[in-house]
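Chains, contacts and geometry: an overview
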Amino acid sequence: KTHPTVTPRTGGIPILLSYSGAYALVLLLPLSTSAIIAANRTTIDRLLPPVGLIFLTGLLDDWLCLKPWQKLLGQVGAAAWAYGAGVRVLAVGGHAIPPWGGACVTMAWLVLCCNAFNLIDGIDGLAAGVGLTATLTTLIAGLLHGDFMLAVATAPLAGCLVGFLYYNFNPASIF
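Below or above, wherever it landed, is the structure these notes cover. (Residues numbered from 1 in each chain as written. Predicted model: local features only at pLDDT ≥ 70, side-chain atom pairs only at ≥ 80, totals over all residues. Heavy atoms only, no water.)

Scanning the chain for helices and strands turns up seven helices and two strands. Walking the chain from its N terminus toward its C terminus, one meets helices and strands in the order α-α-α-α-β-β-α-α-α. Over its C-alpha atoms the chain spans a radius of gyration of 17 Å, differing by no more than 12% from the 16 Å that the globule rule assigns to 175 residues. Over its C-alpha atoms, taken along the principal directions, the chain stretches across nearly 50 × 40 × 25 Å. Within the chain, the proportion of its 175 residues that are buried is 26%. When contacts within the chain are restricted to residue pairs at least 6 apart in sequence, those whose partners lie at least 24 apart make up 63%. (Helix = DSSP H or I, 4+ residues; strand = E, 2+ residues; numbered from the N terminus. Rg over C-alpha atoms; globule rule 2.2 N^0.38 Å. Buried < 20%, exposed > 50% of the residue type's maximum accessible area, 1.4 Å probe, protein only. Contact = heavy atoms within 4.5 Å.)

Our next topic: the packing of aromatic side chains. Under the definition given, this model contains two aromatic pairs. With centroids separated by 5.1 Å and ring planes inclined at 65 degrees, the aromatic side chains of Y19 and Y23 adopt a geometry described as edge-to-face. Within this pair, Y19 and its partner Y23 are both found in helix α1 (residues 12-28), separated by four residues, close to a single helical turn. Taking 4.8 Å as the distance between ring centres and 85 degrees as the angle between the ring planes, the aromatic pair formed by Y166 and Y167 counts as edge-to-face. Residue class for Y167 comes out partly exposed when judged on its relative accessible area of 46%. Of note, R88 hangs over the ring of Y83, and the distance from its end group to the ring centre comes to 4.1 Å. (Phe/Tyr/Trp six-rings, centres within 6.5 Å; stacked < 30°, edge-to-face > 60°. Lys NZ or Arg CZ within 6 Å of the ring centre and 35° of its normal.)

Under the counting rule described, the total for this entry stands at zero disulfides. Counting only cysteine sulfurs, C114 is the nearest neighbor of C65, a cysteine outside any disulfide, at a range of 18 Å. Unpaired in terms of disulfides, C113 finds its nearest cysteine sulfur in C114, a separation of 7.3 Å. With relative accessibility at 27%, the residue C113 sits in the partly exposed group. (Disulfide = S-S within 2.5 Å.)

Moving on: unusual backbone geometry. Across residues other than glycine, the phi torsion is negative in most instances, and most of the peptide bonds are trans. P171 follows N170 through a cis peptide bond whose omega is -5 degrees. Tracing the backbone through its elements, the reader meets P171 in the segment after α7 (148-168). One non-glycine residue, C65, lies in the positive phi region at around 55 degrees. With respect to the helices and strands, the residue C65 is situated in the loop between α3 (41-64) and α4 (68-84).

This part covers the nonpolar core. Residues I15, A128, L132, A158, C160, L161, F164, L165 and I174 constitute the largest nonpolar core, which totals nine residues. At the level of elements, α6 (126-144) and α7 are the ones that each hand at least two residues to this core. At five residues, α7 tops the list of elements feeding residues into this core. Not counting residues up to four positions away in its chain, the partners in contact with A128 are L161, F164, L165 and N168. (Core = buried A, V, L, I, M, F, W, Y, C linked by side-chain atoms within 4.5 Å.)

The structure is reproduced here in structure tokens:
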């Protein structure tokens, strides 16, 4: 990361706040989306702790420059918690895998994705741009397959990333 000025590394905070704000707004307005969120409230509540753990791990890394093993510990803990909360890879390439294999694949996938974004986070706008592309792809897949909860979960994130890209694009004023 070569920048002539000090650049804040707390971009996760405005993304999390705007994402949470989007949900708060949806819940306050009389929209059909509110019913989708309400119907999936148990799942959302189960996933909030691992999301919080991965957010806290990233924030601590931004502030304290955690050692690799410390980041990995937070990521594995969050991945295990997410698996326990119901995030599961049940098949690969259309082939069912046993539960123990699903646990390993799920946790490895989540940790590898976290680190893939960490590795590409050295160029202005790259991680946010790739994140936006992945989010839009997931949003479209959710809509095409009728998984409206997936669409409701990813649409606000796409908006947050578009807003963040404005400040993260070259020359970045926040990471």
